[in-house]
Amino acid sequence: DMALESSRAHINASGHRLSVLLPSERAMLDADAPRLAQAFATLLKNAARHTPVQGSISFSAALEGREVVISVEDSGPGLTPPAAQRLFNGGAGVGLSLVHGIIALHQGRIEARSPGPGRGSEFIVRLPLASGNENTASAGARPAYTPHPTVRVLVADDNRDAADSLQRVLELYGHEVRVAYDGASALR
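Residues numbered from 1 in each chain as written. Predicted model: local features only at pLDDT ≥ 70, side-chain atom pairs only at ≥ 80, totals over all residues. Heavy atoms only, no water.

> Can you tell me about the packing of aromatic side chains, naming the residues and giving the values?
With the rule as written, the count across this model stands at one aromatic pair. Plain terms: the ring middles of phenylalanine 40 and phenylalanine 59 are 5.9 Å apart, the flat faces sit at 85° to each other, and that makes the pair edge-to-face. With phenylalanine 40 in helix α2 (residues 33–50) and phenylalanine 59 in strand β2 (residues 56–64), this pair connects stretches of sequence that are 19 residues apart. A single burial state applies to phenylalanine 40 and to phenylalanine 59, both of which are buried. The residue whose ring lies beneath arginine 160 is tyrosine 181, and the NZ or CZ to ring-centre distance is 3.9 Å. (Phe/Tyr/Trp six-rings, centres within 6.5 Å; stacked < 30°, edge-to-face > 60°. Helix = DSSP H or I, 4+ residues; strand = E, 2+ residues; numbered from the N terminus. Buried < 20%, exposed > 50% of the residue type's maximum accessible area, 1.4 Å probe, protein only. Lys NZ or Arg CZ within 6 Å of the ring centre and 35° of its normal.)

> Would you mind going over the nonpolar core in detail, with residue names and values included?
Core analysis: the biggest nonpolar cluster contains 33 residues, and Phe40, Leu43, Leu44, Ile70, Val125 and Leu127 have the highest contact counts within it. Those elements that provide at least two residues to this core are α1 (2–13), α2, β2, β3 (67–74), α4 (94–105), β4 (109–113) and β5 (121–128). Ranked by residues supplied to this core, first place goes to α2 with eight residues. Leucine 43 has contacts with Val72, Leu96, Val99, Ile110, Phe123 and Val125, leaving out every residue within four places of it along the chain. (Core = buried A, V, L, I, M, F, W, Y, C linked by side-chain atoms within 4.5 Å. Contact = heavy atoms within 4.5 Å.)

> Please set out the side chain of histidine 106 residue by residue, giving values where relevant.
Counting through the fold element by element, histidine 106 comes out in the loop between α4 and β4. Polar contacts involving the side chain of histidine 106 include one to the main-chain amide nitrogen of aspartate 32, which spans 3.0 Å. Side-chain polar atoms of histidine 106 contact the backbone oxygen of isoleucine 102, separated by 2.7 Å. (Polar contact = N/O pair within 3.5 Å; in protein donor to acceptor, adjacent residues only side chain to side chain.)

> Tell me about the environment of leucine 98, and name the residues and values.
Take leucine 98: it is sitting in helix α4. When the C-alpha positions of leucine 98 and leucine 166 are compared, they lie 6.9 Å apart, and in sequence the two are 68 residues distant. Non-local contacts of leucine 98, meaning those with residues more than four positions away in its chain, are made with Gln38, Ser165 and Val169.

> Any details on the pattern of salt bridges? Residues and values, ideally.
The full count for this structure, using the stated rule, is five salt bridges. Residue arginine 113 pairs with glutamate 111 through a salt bridge whose shortest N-O separation is 3.3 Å. Residue glutamate 111 is classed as partly exposed on the basis of its relative accessible area, which comes to 32%. Across the pair glutamate 176 and arginine 178 runs a salt bridge, and its minimum N-O distance is 3.8 Å. On the basis of relative accessibility, which here comes to 38%, the residue glutamate 176 falls in the partly exposed class. (Salt bridge = Lys/Arg side-chain N within 4 Å of Asp/Glu carboxyl O.)

> Residues and numbers for the packing of α2 against α4, please.
For any two helices packed against each other, the geometry is given by the interaxial angle and the distance between the axes. Running from N to C, α2 and α4 point in directions that differ by 145°, and their axes come no closer than 9 Å. For α2 against α4, the interelement crossing comes out left-handed. Between α2, through Arg35, Leu36, Gln38, Ala39, Thr42, Leu43 and Asn46, and α4, the contact on the second element is made entirely by Gly95, Leu96, Leu98, Val99, Ile102 and Ile103. Counted by class, the contact of α2 with α4 contains eight nonpolar, four polar and one charged residues. (Axes fitted to C-alpha atoms, helices over the stretch in contact; angles between N-to-C directions. Left-handed = near helix turned anticlockwise from the far one by under 90°. Nonpolar A, V, L, I, M, F, W, Y, C, P; charged D, E, K, R; others polar.)

> Give me the lowdown on helix α5 (residues 160–172), citing residues and values where you can.
In this model α5 runs 18 Å from its N-terminal to its C-terminal C-alpha over 13 residues, within 8% of the 18 Å that 1.5 Å per residue would give. Buried within α5 are the following residues: Ala162, Ala163, Ser165, Val169 and Leu170. End-on, the buried residues of α5 take up no more than an arc of 165°, which puts them together on one face. Phi turns positive, to about 90°, at glycine 174, one or two residues after α5. (Expected span 1.5 Å × (residues − 1). Arc of directions from axis to C-beta.)

> Go over the packing of α1 against α2, please, and point to the residues and values.
Interhelical geometry of α1 versus α2 gives an angle of 20° and a closest axis separation of 8 Å. It follows from the interaxial angle that α1 and α2 lie roughly parallel. Classified by chirality, the crossing of α2 by α1 is right-handed. For the pair α1 and α2, the contacting residues are Met2, Ala3, Leu4, Ser6, Ser7, His10 and Ile11 in the first and Ala33, Pro34, Ala37, Phe40, Ala41, Leu44, Lys45 and Ala48 in the second. Of the residues assigned to the contact of α1 with α2, the class counts are 11 nonpolar, three polar and one charged. (Parallel < 35°, antiparallel > 145°, perpendicular 65-115°, else oblique.)

In structure tokens form, the structure reads like this:
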């Protein structure tokens, strides 16, 4: 709901048709809801930005085994396989890198697919269900999180939104982060 609410203006501005399909079963995640909402809102806003006027966007979720699978699909320009591989390492800006980081912090995975240029794209997120979830048949061990050594990081960027988003992601990883919005401040 939070992701749809924060992205609805972007979707409506271009006259896109939005379909939402959610499972009727209740599913529990061990998650930071605002961060996941941020990740899904970013995927929805990207779909709205890259889809031609009056295109279609779908948001769906389904339970598959011990995971919930969320899909954001659009009728936009699509992706080539090499482009899909580069999306999450900064090749398309900080937004998708941020999404990748948030999903990884939740022991999840994200992938991008496309049937090819001009044929739309789909972003698929897989998140583990919380242990004890009534929808899980057998208890499997959740992958252990291996913390990285904490480091001090300076984020220097004149784009305040990008700098603040990167700061939040790095802090989620447990790093000590300072932000500077211009070169002089960064040098200080």
